[in-house]
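Read off the chains here:
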Amino acid sequence: MDILLQQIINGLSLGSVYALIAVGYSLVYSVLMFSNFAHGGFLVIGGYICYFALNSMGTGILIAGFLSLLGAGVAAVVTEKVAYQPIRENTNNTLYLLIASMGMSIVIENIFVVTIGGRFRALPAIIPTQPVHLFGLATTSAFDLISLLAAGVFLGILQIILVKTKWGLAIRAAAYNLRIAGLMGVNVNLLISITFFIAGTLAAVGGIFLAVRYTLYPQLGAITIKAFVAAVIGGLGSLPGAVVGSIILGLAEMLTAGFISSQLRDLVVFFFLVITLLVRPQGLFGKNISEKV
Amino acid sequence: MVEVSDNLILRLDHLHKYFGGVPAVKDISFSIQEGELFGLIGPNGAGKTTIFNLITGVYSPDSGKIYYQGEDITALKTYEVINKNIARTFQNLRLFPHSTALENVMVAMQQHHTYSFGEAITHFGKWQKKEREIKSESMDILALVGLAQRAEQKARTLPYGMQRRLEIARALALKPKFLLLDEPAAGMNPEEVNELNHLILDIHSKFKFTILIIEHHMDLVMEICPHIICMNFGTKIAEGNPLEIQRHPEVLKAYLGEEVDEL
Amino acid sequence: MSVYAEGIVVLLCVNAIAAMGVSLLTGFTGIFSLGHAGYMAVGAYMAAILTLRYEFHFIVAILLGGVLAAIIAYVIGVPTLKLIGDYYAIASIGLGEAIRLILENGGTITRGARGFPGIPPYTTLAVAFCFFIIMAFFMFNLINGRFGRAFKACRDDYIAASLLGYNTAKYRILSLVLSAFYCGISGALLAGFLSFIQPIMFDMMKSTELTSIVVFGGLGSMTGTLISVVIITLITELFRPISQYRMLIYGAILVIVMVIRPEGIMGQYEFGRKLGKTLKEKFLGNHFSKEGGKS
Ligand SMILES: Nc1ncnc2c1ncn2[C@@H]1O[C@H](COP(=O)(O)OP(=O)(O)OP(=O)(O)O)[C@@H](O)[C@H]1O
Ligand SMILES: [Mg+2]
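Calculation notes
Every chain's residues receive numbers from 1 upward, in the order its sequence appears when written. To label them, take the chains in the order written and letter them from A, then take the ligands in the order written and number them from 1. The predicted origin of the model limits local features to residues at a pLDDT of at least 70 and limits the giving and counting of side-chain atom pairs to 80 or more, whereas totals for whole chains, interfaces and linings rest on all residues. Hydrogens and water are ignored here; the side-chain numbers use all heavy atoms of the structure. Criterion for a salt bridge: a side-chain nitrogen of Lys or Arg within 4 Å of a carboxyl oxygen of Asp or Glu. Think of it in three bands: residues with accessible area under 20% of the maximum for their type are buried, residues over 50% are exposed, and the middle band is partly exposed, with areas taken using a 1.4 Å probe on protein chains only. The numbering of helices and of strands both runs from the N terminus, where a helix is a DSSP run of H or I of at least 4 residues and a strand a run of E of at least 2. In these notes, a set of buried Ala, Val, Leu, Ile, Met, Phe, Trp, Tyr and Cys residues joined through side-chain atoms within 4.5 Å is what counts as a nonpolar core. Where each domain begins and ends is defined by an automated method or by a domain database. Here a residue-residue contact requires only that any non-hydrogen atoms of the pair lie within 4.5 Å. The nearness test applies per residue and asks whether one of its heavy atoms lies within 4 Å of the molecule or strand. Whenever a nitrogen or oxygen atom comes within 3.5 Å of another N or O atom, the pair is scored as a polar contact, on the condition that within protein one atom can donate a hydrogen and the other can accept it, and that pairs from neighbouring residues in sequence are kept only if both atoms are in side chains. Amino acids outside the nonpolar list (Ala, Val, Leu, Ile, Met, Phe, Trp, Tyr, Cys, Pro) and the charged list (Asp, Glu, Lys, Arg) are all regarded as polar, and Gly is one of them. When DSSP finds at least two bridges between two strands, those strands are taken to pair. Interaxial angles span 0 to 180 degrees and are taken between N-to-C directions of axes, which are lines fitted to C-alpha atoms, for helices over the stretch in contact. Because water is not among the atoms used, a metal site may look incomplete, as its donors are only the N, O and S atoms within 2.8 Å, or 3.2 Å for Na, K and Ca. Throughout, the accessible surface (probe 1.4 Å) given up by two parts as they are put together, summed over both, is called the buried area.

A. Inspection of the pattern of salt bridges at higher detail. Inspection of the entire model under this criterion finds 17 salt bridges over all chains. Between A:Arg88 and A:Glu80 there is a salt bridge whose closest N-O contact spans 2.7 Å. Here A:Arg88 and A:Glu80 have matching classes, each one buried. Residue B:Glu71 pairs with B:Lys84 through a salt bridge whose shortest N-O separation is 3.4 Å. Here B:Glu71 is found in strand 5 (residues 71–72), whereas its partner B:Lys84 is found in the loop between helix 2 (78–82) and strand 6 (86–88), with 13 residues between them in sequence. Looking at B:Glu71, the relative accessible area reads 36%, which means it is partly exposed. Residue classification places B:Lys84 among the partly exposed residues on the basis of a relative accessible area of 25%.

B. Up close: the nonpolar core. Counting residues in hydrophobic clusters, the biggest one holds 253 residues, and the most contacted among them are A:Phe37, C:Met20 and C:Tyr39. With 15 residues, helix 1 (residues 3–28) of chain C is the largest single contributor of residues to this core. Split by domain, this core shows at least three residues from each of two domains, domain 1 (1–85 + 176–263) and domain 2 (99–173) of chain B. Discounting chain neighbours no more than four positions away, the residues touching A:Phe37 are A:Leu98, A:Ser101, A:Met102, A:Ser105, A:Phe228, C:Phe32, C:Leu34, C:Ala89, C:Ile90 and C:Ile93.

C. Spotlight on the site of ligand 1. Ligand 1 sits among 14 residues. The nearest are B:Asn44, B:Lys48, B:Thr49, B:Thr50 and B:Gln91. Ligand 1 is flanked by residues contributed from chains A and B. Within the side chain of B:Thr49, a nitrogen or oxygen atom sits 2.6 Å from an oxygen atom of ligand 1. Interatomic distance of 2.7 Å between a side-chain N/O atom of B:Gln91 and an oxygen atom of ligand 1. Looking at the shell around ligand 1 residue by residue, the class counts come to four nonpolar, seven polar and three charged.

D. Fine view of the side chain of C:Thr168. All names here are of chain C. Position of Thr168 relative to the elements: it lies in helix 9 (residues 168–194). With relative accessibility at 12%, the residue Thr168 sits in the buried group. If we skip the residues at most four places from it in the chain, Thr168 touches Cys154, Tyr158, Ala161 and Ser162.

E. Representation of the sheet that holds strand 7 (residues 178–182) of chain B. Residues and elements named next belong to chain B. Taken together, six strands build an open sheet; the order of strands is 6-7-8-3-9-10 and the sheet is mixed. Looking at strand neighbours, the two that pair on one side only are strand 6 and strand 10 (235–240), the edges of this open sheet. Neighbour to neighbour, the strand axes of the sheet diverge by 15° on average, direction disregarded. Packing against the sheet, helix 6 (residues 160–173) makes contact with strand 6 and strand 7, and its axis sits at approximately 160° to strand 7.

F. Spotlight on the coordination of the magnesium ion (ligand 2). Residue and element names in this part refer to chain B. The coordination sphere of the magnesium ion (ligand 2), as far as protein atoms go, consists of Thr49 (OG1) and Gln91 (OE1), spread over 1.9 to 2.0 Å. On the criterion of sequence distance, the pair formed by Thr49 in helix 1 (residues 48–55) and Gln91 in the loop between strand 6 and helix 3 (101–109) is long-range, its members being 42 residues apart. Residue Thr49 is classed as buried on the basis of its relative accessible area of 16%. Take Gln91: its relative accessible area is 27%, and that puts it in the partly exposed class.

G. Examining the interface of chain A and chain C more closely. Taken together, the contact pairs 39 residues of chain A with 36 residues of chain C. Both faces considered, chain A and chain C share a buried interface measuring about 3,200 Å² in area, 83% of it formed by carbon and sulfur atoms. The interface formed by chain A and chain C includes zero salt bridges. For the interface between chain A and chain C, the tally reads one residue pair in polar contact (both at pLDDT 80 or more). Broken down by secondary-structure element, the contributors of at least two residues to the side of chain A that touches chain C are helix 1 (2–32), helix 3 (61–90), helix 4 (94–116), helix 9 (224–234) and helix 11 (265–279) of chain A.

Read these as geometric descriptors, not functional statements.
Here it is in structure tokens:
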């Protein structure tokens, strides 16, 4: 019983980290209608900034975290400006954006490989990991509770931005139809930059938690595959879908690891992907994919 | 005049289509006889293009049925509808912009001159004969719409009026029994509209098929279509011959209302 | 010919076959894949197992390697390619991962992560070259005809294509199956050339190399793909000493080509009549460009 509860909490915690990544990815997808494969790169950039701020600059976790979020957000905006905006302005073929994003993902990863090397680095113990006893029912780690809480806070802030602010409204309009948002007088390039900034920041939060959980290395971004899968399960482009999909994946992974075999946890992810595509291809919250003719 | 037989080619039965709760098409029913040149008019946003999208399976109706030659085609996929010898053009052109005019037509024409996969990868057998037919018949159609000289030009570099005619050519290459034209005169100057009128009347009498034509401007339809329906806000407000339509109070109101709005 | 030069020619043929497959899928049908090295792995292991363990004739084994890759592509393609969107691209990452996991945990059948040694060296220069010529013959014929036009129509505007009576899902799946077949054959030839294969050889890096070749050569140009295979394979050989920059270079190629010249080095042109005409237009002035302009 307590093992079950414990694995559920671990699953929720892992799922909440996936959610931070998947929501940013889905947000970009909903506006530009392409799958930004460089999203994992933002996470790695955030992780390394946090690492160097803590180790080389000796800052505290709050400043390091702030720098990491800011740096990853800016990196996302720069990526968009350098690689995507010129393509967007030339054509509306999303295949080109997809290929460029794949290229950017490889470039970011390998810039780290050739400059600071591919070795694994452990972040200092900035987030407490001691065990916590939950009302005598189960034992879990403070880390899991904190990551769950942090994800909740950041996703809550995102929700407030999207619902309460002018730019949030514009982003939602753009998700409905980018061209119409442009016609309504929204500065489309600025709007896209803001979207990328938000996506980069959320990825950095996820990156810090993943780096603490698994250590930091240039290929850590590859874990975003799971966030992509979560977004597909929830419905590409849907934010609530991305959250629900992430939670489902996190739970599935941890329950598999706890009760079946930890070698199978990755296979379970793809199993869920295949089932979703076969049974409900548009995902749990997906809109029916249609284009105005 | 083309003889109008008593055979129904298309029947719409109480069609409804909503977009996010807003009706685009509301309880539309009408029938088209085989061989008719049928006009569908109405102000901006009346739901005309939506009717085309429903007929061709691009959207499926929320309720109602569509019958083609007596058969229920409501649930068919787009390509299945097209393969029943229906063809259409688009209000906002959808040519293949980086292909030549000839290639644009050949892509449609080849549907009637197929050869096997084996022949395709070896170029043995029927390949050469069929490819030659595809090309020469496509050239004939380009000549028919007056684009023979432009066959090798990229579609996107053609002047606008020619792109519109190229779309008609591409639809004709499907050898349809029933042709749907969505605002073929949009963006054309009066001289081009006049040429287009002749072209439509020409192909109608030459191929003896049924044409359903959407027009935003009444004049073109009034001139060439003996049978017209007028829509506004998703509903049918009038049906009849040009004279009846012209005098119909609802039609006058719809178009007058629009002019007032635009002022 | 020296052994080294011979090896490079074989490698060129092997890469060219796989690249033609990816070119058909990405360049002509507009579907982006991140897992084509997975199909190469399937072909390689199939041929290796069949020749070594069951003593199949190597030609039969190579062909069956291609067929198995095609079957797997079909199974993955049907649910993902019926959808519009990046579903196949995401599933293809999953595919690559799953194939690697299966090969690494395949026990005595695949011999796990340490690799599969002792494959008969059936891929001689003559075998590789013959396969290349035949596969190229089929591919160039295919794209020059009704299937080529249909693939491009589905790529350029799937709604317009379906309104010309094309079942676009069918053509997308066909294109994937054919490209997997080409990659499977290529992998099988690679197995016979190296005599030793390992799951890690068919990782994301290999998939990325294939896509970079196709993008660099020009989406929608088979000739460009072939030229690009030669350039990139040779560059990779030349820069072997600094191979840690290899991935950086592939990544940069993808971005730079997309930003500066998404049509790649060849645009959509093919050798022969069309290219001749283009060159003539370039040198003698293009009489079309004056009246048309960009729309
Ligand atoms: N895919 C869609 N999503 C949402 N609304 C749509 C969609 N397609 C059409 N509509 C809406 O349905 C209504 C009817 O549109 P439709 O295009 O059929 O009009 P129309 O009569 O063809 O007008 P026009 O003369 O401007 O072409 C409009 O209000 C339009 O905005
Ligand atoms: Mg319309």
